[in-house]
Amino acid sequence: ESLLAQNYPSDILAIIVVDDRSDDKTGEIVESFCKEHSQIQLIEQRSCEPNLSPKKQALELGIGKSDGEIIVVTDADCVHDVDWIASLTRYLEPDVGMVVGQARFIVSDADPIWQYMQALDFQAQSVLSAGLISAGIPFTCSGASLAYRRKLYDDVKGWEGLKHLISGDDELLMAKAHEQEWKIVAAKTESVVVNTIPVKSFRELWHQRIRWGSKGLH
């Protein structure tokens, strides 16, 4: 619903949802939206090649079905400001290949203190990311709020050579773009920040951080 509410021309906006083997009603829900909104397309990833990242395969599938000059990516658990897409793409000056937004964990008074700490840590990572990008040292970014040119994606050959890494669909693509001297900028407006939810258990947190850290050496 937050994507459909975007202040962006609907005739040039395609919303592609890749359902990566979900075991809930994702496909059914998206299909109900497709019936009412022609710009939404559902793609179902029924299986994955073994020993390759499912997330990267899902992204490749979605990008392969798209035909726009600009690719904007986000995650399924995000809610977006109405100016999210317009704000991200506004930074795409002719010499810019990638625009990095931010994500923010939303916590409530009922959440335990450790989730507030998690939200603070996540916010600190976002601020550091923006600072490093602005200093010409792009090191990290969030795939929850990211835009790049199709030409950049094609030039760096997507995730070729990196598909065996379970994580890093965002940072590793940015690293490849930086190596090929594409200009990368950090968006600094509030509307490029997407809201998401923190994990709800220490077990989930542990697995999340292991996943995030797994591509560090690359």
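Scroll up a little and you will see the structure.
Residues numbered from 1 in each chain as written. Predicted model: local features only at pLDDT ≥ 70, side-chain atom pairs only at ≥ 80, totals over all residues. Heavy atoms only, no water.

Student: Got a minute to help me understand empty space enclosed by the protein in this structure?
Tutor: Which parts of space are left empty comes out when a probe the size of a water molecule is rolled across the atoms. Across all of its chains, the model carries one cavity of 30 Å³ or more by this definition. Put simply, the largest cavity is a space of about 60 Å³. For the largest cavity, the full set of lining residues is Lys-55, Leu-59, Val-73, Thr-74, Asp-75, Gly-143, Leu-146, Tyr-148, Trp-159, Asp-169, Asp-170 and Leu-173. Put simply, the parts of the chain that give the lining of the largest cavity at least two residues each are α2 (54-65) and β6 (146-149). Residue composition of the lining of the largest cavity, grouped by class: six nonpolar, two polar and four charged. (1 Å grid on protein atoms, 1.4 Å probe; cavity = no way out; pocket = protein on both sides within 12 Å on 5 of 7 lines; lining within 4 Å. Points joined across faces, edges and corners; volume = space filled by probe spheres on them. Helix = DSSP H or I, 4+ residues; strand = E, 2+ residues; numbered from the N terminus. Nonpolar A, V, L, I, M, F, W, Y, C, P; charged D, E, K, R; others polar.)

Student: I tried to follow helix α4 (residues 113-134) on my own but got confused; where do I start?
Tutor: Helix length check: α4 (22 residues) gives 32 Å between terminal C-alpha atoms against 32 Å at 1.5 Å per residue, within 8%. Regarding α4, the residues found buried are Trp-114, Gln-115, Gln-118, Ala-119, Phe-122, Ser-126, Ser-129, Ala-130 and Ile-133. One side of α4 holds all its buried residues, which, seen down the axis, span an arc of 165°. α4 presents Ile-113, Met-117, Leu-120, Val-127 and Leu-128 as exposed residues on the side facing more than 90 degrees away from its buried surface. Buried-residue contacts for α4 involve β4 (96-100), β5 (102-105), α6 (171-179), β7 (183-186) and α7 (202-213). Backbone geometry just after α4 places Gly-136 at a positive phi near 80°. (Expected span 1.5 Å × (residues − 1). Buried < 20%, exposed > 50% of the residue type's maximum accessible area, 1.4 Å probe, protein only. Arc of directions from axis to C-beta. Contact = heavy atoms within 4.5 Å.)

Function cannot be inferred from these measures alone, as they are strictly geometric.
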